[in-house]
Amino acid sequence: MNVGVNVLIGLAVLALLLWRQLQPRRVREDGGMRLTVILLVVGVFQAYPVLSGHPPTTVVVLLLLAGLVSGAVFGTLRAYTTKLWIQDNEVWRRGTWVTLVLWLVAVGLHFGIDYLSEQQGAPAGLGSSTIVLYLAVTLGIQRFITQQRAVQVRSQV
């Protein structure tokens, strides 16, 4: 898959995620990780051809790991900026403007790490091929923590 297609897929997924973050939605306390798993699979399929064609250096691998760790950190932060409430005996959630800003900073940081990776000899297109994988990690962490918070909110009622 070429770089342009990877970027378009990543931007489309990001736009969908940002829109969904700001919409009131019921929290699925029993799972609801299907989207995260789909993104993880797509992300691996996008990154694998780039990585297998030109094995990255140790520095590039460390930068990629740093990017995924930053995704987990930002996912955690966003989970705690999400408003939770009880309505009709269900836990609902909606992201705040802080949630949105954290998404934008996180994605910007991801692209910054990608730029550094390219400066360290990363294979061409590695950054754009890992954006969906990054989104899977950051969204998965955010969902998991939000689900745990929802269980706590429900137990306080």
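Please refer to the structure higher up on the page.
(A) Focus on the layout of surface pockets. Size it by volume and the second largest pocket reaches roughly 160 Å³. The element that contributes the greatest number of residues to the lining of the second largest pocket is helix α3 (residues 58–81), accounting for five residues. Of the residues contributing to the lining of the second largest pocket, the split by class is nine nonpolar, three polar and one charged.

(B) Local environment of the pattern of salt bridges. Under the defined criterion, the tally for this structure stands at two salt bridges. A salt bridge links R26 to E90, with the nearest nitrogen and oxygen atoms 3.8 Å apart. With a gap of 64 residues between them, R26 in strand β1 (residues 25–26) and E90 in strand β3 (residues 90–94) connect regions that are remote in the sequence. Overall, the relative accessible area of 44% leaves R26 in the partly exposed class. For E90, a relative accessible area of 29% puts it in the partly exposed group. In this structure, R154 engages E90 in a salt bridge whose closest nitrogen and oxygen atoms are separated by 3.9 Å.

(C) Highlighting a nonpolar patch on the surface. On the surface, V37, V41 and F45 cluster together to form a nonpolar patch covering roughly 310 Å² of accessible area. Along the chain, V37 turns up in helix α2 (residues 34–53).

(D) Main features of the environment of T36. For T36, the position within the fold is in helix α2. Distance from T36 to V91, taken between C-alpha atoms, is 20 Å for residues 55 residues apart in sequence. Setting aside chain neighbours within four positions, we find T36 in contact with A136, L139, G140 and R143.

(E) Local environment of the sheet that holds β1. Strand order in this open sheet of three strands is β1-β3-β2, and the pairing throughout is antiparallel. Only two strands of the sheet have a single partner each, and these edge strands are β1 and β2 (83–87). Of the pairings in the sheet, the one linking β1 to β3 comprises two bridges and is antiparallel in character. Following the sheet pairing, R25 is matched in β3 by R93. Running over the sheet, helix α5 (residues 126–155) touches β2 and β3 and is turned about 45 degrees from β2.

Parameters and conventions
- Position numbers for residues count from 1 along each chain, tracking the sequence in the order it is written.
- The predicted nature of this model means local features are confined to residues of pLDDT at least 70 and side-chain atom pairs, given and counted, to a pLDDT of 80 or more, with totals for whole chains, interfaces and linings taken over all residues.
- The side-chain quantities take in all heavy atoms of the structure and omit both hydrogens and water.
- For each structure, a 1 Å grid was placed over the protein atoms alone; sets of points admitting a 1.4 Å probe that cannot get out are labelled cavities, open sets with protein on both sides within 12 Å along at least five of seven lines are labelled pockets, and lining residues have an atom within 4 Å of a point.
- Grid points are joined across faces, edges and corners, and a volume is the space filled by probe spheres set on the points.
- Strands here are runs of E lasting at least two residues and helices are runs of H or I lasting at least four, both read from the DSSP assignment and numbered beginning at the N terminus.
- Three categories are distinguished: nonpolar for Ala, Val, Leu, Ile, Met, Phe, Trp, Tyr, Cys and Pro, charged for Asp, Glu, Lys and Arg, and polar for the others, with Gly belonging to the last.
- Put simply, a salt bridge is a Lys or Arg side-chain nitrogen that is within 4 Å of an Asp or Glu carboxyl oxygen.
- Throughout this description, buried means an accessible area under 20% of the type-specific maximum (1.4 Å probe, protein chains only), exposed means over 50%, and partly exposed covers the range between.
- Patch building starts from residues that exceed 30% relative accessible area and form no salt bridge, then joins like charges within 9 Å and nonpolar side chains (Val, Leu, Ile, Met, Phe, Trp, Tyr) within 5 Å.
- Only the protein chains shown count as cover for residues, and the accessible areas themselves come from Shrake-Rupley with a 1.4 Å probe.
- The criterion used for residue contact is that any of the two residues' heavy atoms lie within 4.5 Å.
- Strand pairing follows a simple DSSP-based rule, namely that at least 2 bridges must link the two strands.
- Every axis corresponds to a line fitted to the C-alpha atoms, with the helix fit spanning only the stretch in contact, and the corresponding angles, defined between N-to-C directions, vary from 0 to 180 degrees.

Interpretation note: all reported values are geometric properties and have no functional meaning in isolation.
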